[in-house]
Amino acid sequence: MKVSDTQELGKAIRERRKELSYTQQYLSDVTGLSVSFLSDLENGKPTYETGKTIRLINLLGLDLNVEVRG
């Protein structure tokens, strides 16, 4: 999935969380991230914290790749 904005990143994270049958509360308990942070991230709020986001992406078994276009 190509991600070009915060909405698409949030959608990808939400879809993966649901595939794994994880609730936001479960992820909060496991990661120490607040439910409100997870909700904001999944809803594409553009002010999320990159370090926390990358940690969550890794926990969900996703890869984040940055590639040169073209």
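Residues numbered from 1 in each chain as written. Predicted model: local features only at pLDDT ≥ 70, side-chain atom pairs only at ≥ 80, totals over all residues. Heavy atoms only, no water.

**Brief notes about the overall build of the protein chain**
Reasoning step 1: Within the protein chain, the secondary structure is distributed over four helices and zero strands.
Reasoning step 2: Across the protein chain, helices and strands are ordered from the amino to the carboxyl terminus as α-α-α-α.
Reasoning step 3: The globule rule puts the C-alpha radius of gyration for 70 residues at 11 Å, and the 12 Å found for the protein chain is close to it.
Reasoning step 4: Reported as C-alpha extents along the three principal axes, the dimensions of the protein chain are approximately 40 × 25 × 15 Å.
Reasoning step 5: In the protein chain, buried positions account for 27% of the 70 residues.
Reasoning step 6: Once local pairs closer than 6 in sequence are excluded, the contacts in the protein chain between residues at least 24 apart make up 53%.
Reasoning step 7: Only carbon and sulfur atoms are counted for the fraction: they give 47% of the accessible area of the protein chain, which is about 4900 Å². (Helix = DSSP H or I, 4+ residues; strand = E, 2+ residues; numbered from the N terminus. Rg over C-alpha atoms; globule rule 2.2 N^0.38 Å. Buried < 20%, exposed > 50% of the residue type's maximum accessible area, 1.4 Å probe, protein only. Contact = heavy atoms within 4.5 Å. Areas by Shrake-Rupley, 256 points an atom, 1.4 Å probe, with all protein chains shown as cover.)

**Notes on the nonpolar core**
Reasoning step 1: Core analysis: the largest hydrophobic core is formed by ten residues, namely Leu9, Ile13, Leu27, Leu33, Phe37, Leu38, Leu41, Leu56, Ile57 and Leu60.
Reasoning step 2: For this core, the secondary-structure elements that each account for two or more residues are helix 1 (6–19), helix 3 (35–42) and helix 4 (50–59).
Reasoning step 3: What Leu38 contacts, discounting residues up to four positions off in sequence, is Gln24, Leu27, Ser28, Leu33 and Leu56. (Core = buried A, V, L, I, M, F, W, Y, C linked by side-chain atoms within 4.5 Å.)

**Brief notes about the layout of surface pockets**
One water molecule sets the probe size; rolling that probe over the atoms shows where empty space is left.
Reasoning step 1: In this structure, the largest pocket spans a volume of roughly 570 Å³.
Reasoning step 2: Taken together, 17 residues line the largest pocket, and the ones lying closest to its centre are Met1, Lys2, Val3, Leu64 and Asn65.
Reasoning step 3: A per-element tally of the lining of the largest pocket places helix 1 first, with three residues.
Reasoning step 4: When its residues are assigned to classes, the lining of the largest pocket shows ten nonpolar, two polar and five charged. (1 Å grid on protein atoms, 1.4 Å probe; cavity = no way out; pocket = protein on both sides within 12 Å on 5 of 7 lines; lining within 4 Å. Points joined across faces, edges and corners; volume = space filled by probe spheres on them. Nonpolar A, V, L, I, M, F, W, Y, C, P; charged D, E, K, R; others polar.)

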